[in-house]
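Topology and contacts: notes
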Amino acid sequence: MRYTAVARRYAQVLFSVAKKAGQEEKIRNALKFLEDALKENDFQKIIYHRLIPPEQKEQLLQALLPNLSPIMKNFLRVVLSRGRERALIPIVQEYDKILDNTAGIKRIEVSTAYELPPEQKEEVEREIAKLAGARVRLTWQVNPSLLGGLSIRLNDRVVDASVKKRLELLAKRLSTV
């Protein structure tokens, strides 16, 4: 089940509360820690389990994250009491998007045929930031079907500079001859 709309609403509310308190980054860090914990299969099974009462889940989270701010404690209490545990990871992702958006950071997906070395990633990031005219946060994906080159996606715009795309265009031109 997709939780995009629910996650967006929860993330927007959490962000507005965090912003009023001046704790946007502190909340982001707590959410990232929570996301990492939820990616561990055993922990996720416990938090997502429907037969475990929200109070016990809340106690577990407080034991795992003892230094939670009151904002995060209240947020988790609401999420758990409403049975929205499975929306936690999408909420973290939406919160991250909101925070980046308010900071003027553009989120860009870059696909390459193979894993690039860190130096090349930094160079690509500099060039994309220069072209975008803003700070960027890149998400890297490896897609061997590209054969070479890269594909860049910003929102609904795609720049496909892959070998696969060039071969497709060449085949199309040859078929019209």
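Residues numbered from 1 in each chain as written. Predicted model: local features only at pLDDT ≥ 70, side-chain atom pairs only at ≥ 80, totals over all residues. Heavy atoms only, no water.

**Considerations on the overall build of the chain**
The line we're drawing: Under the scheme used here, helices are H or I runs from DSSP no shorter than 4 residues and strands are E runs no shorter than 2 residues, and both carry numbers assigned from the N terminus. Taken over C-alpha atoms, the radius of gyration is set against a globule rule of 2.2 Å times the number of residues to the power 0.38. Think of it in three bands: residues with accessible area under 20% of the maximum for their type are buried, residues over 50% are exposed, and the middle band is partly exposed, with areas taken using a 1.4 Å probe on protein chains only.
A tally of helices and strands in the chain yields eight helices and four strands. In sequence order, the chain lays out its α and β elements as α-α-α-α-α-α-β-α-β-β-β-α. Its C-alpha atoms give the chain a radius of gyration of 21 Å, more than 25% over the compact-globule value 16 Å for 177 residues. Within the chain, the fraction of its 177 residues that count as buried is 34%.

**Comments concerning helix H5 (residues 70-81)**
Note the following rule: By definition here, a helix of n residues has an expected span of 1.5 Å times n minus one. Directions pointing from the helix axis toward each C-beta atom define the arc. The contact criterion used is simple: two residues touch if any of their non-hydrogen atoms lie within 4.5 Å.
Given a rise of 1.5 Å per residue, twelve residues ought to cover 16 Å, and the 16 Å separating the end C-alpha atoms of H5 matches this to within 8%. Of all the residues in H5, the buried ones are Ile71, Met72, Phe75, Leu76, Val79 and Leu80. Angular distribution of buried residues about the axis of H5 spans 155°; they occupy a single face of the element. Residues Pro70 and Ser81 are exposed on H5 and point more than 90 degrees away from its buried face. Lining the buried residues of H5 we find helix H1 (4-21), helix H2 (24-38), helix H4 (54-64) and helix H6 (88-102). With its phi angle positive at about 70°, glycine 83 sits one or two positions after the end of H5.

**Observations concerning the layout of surface pockets**
The test is simple: With a 1 Å grid laid over protein atoms only, a set of points is called a cavity when a 1.4 Å probe fits there but cannot get out and a pocket when it is open yet has protein on both sides within 12 Å along at least five of seven lines; lining residues have an atom within 4 Å of a point. Grid points are joined across faces, edges and corners, and a volume is the space filled by probe spheres set on the points. Residues are sorted three ways: Asp, Glu, Lys and Arg are charged, Ala, Val, Leu, Ile, Met, Phe, Trp, Tyr, Cys and Pro are nonpolar, and all the rest, Gly among them, are polar.
Of the volumes computed, that of the largest pocket is approximately 690 Å³. Gln93, Glu94, Lys97, Arg107 and Glu109 are the residues nearest the centre of the largest pocket, which is lined by 25 residues in total. Secondary structure elements with two or more residues in the lining of the largest pocket: H1, H2, H6, strand S1 (105-112), strand S2 (135-142) and strand S3 (149-154). The biggest single contributor to the lining of the largest pocket is H6, with eight residues. Residues that form the lining of the largest pocket fall into these classes: six nonpolar, six polar and 13 charged.

**Focus: a nonpolar patch on the surface**
Defined as follows: Residues enter patches when their relative accessible area tops 30% and they take part in no salt bridge; the joining distance is 9 Å for like charges and 5 Å for the nonpolar side chains Val, Leu, Ile, Met, Phe, Trp and Tyr. Note on areas: Shrake-Rupley with a 1.4 Å probe; residue coverage comes only from the protein chains shown. Just to be clear on terms, a salt bridge is a Lys or Arg side-chain nitrogen sitting within 4 Å of an Asp or Glu carboxyl oxygen.
Taken together, the side chains of Leu147, Val163, Leu167, Leu170 and Leu174 define a hydrophobic patch exposed on the protein surface, amounting to about 460 Å² of accessible area. The class for valine 163 is partly exposed, based on a relative accessible area of 35%.

**Section: the pairing of S1**
Rules: Here, any two strands with at least 2 DSSP bridges between them count as paired.
As paired elements, S1 and S2 share eight bridges and run parallel to each other. The partner of isoleucine 108 across the bridge, within S2, is leucine 138. Here S1 runs beside S3; their pairing, made up of four bridges, is antiparallel. Within S3, the position partnered with valine 110 by the bridge is isoleucine 152.

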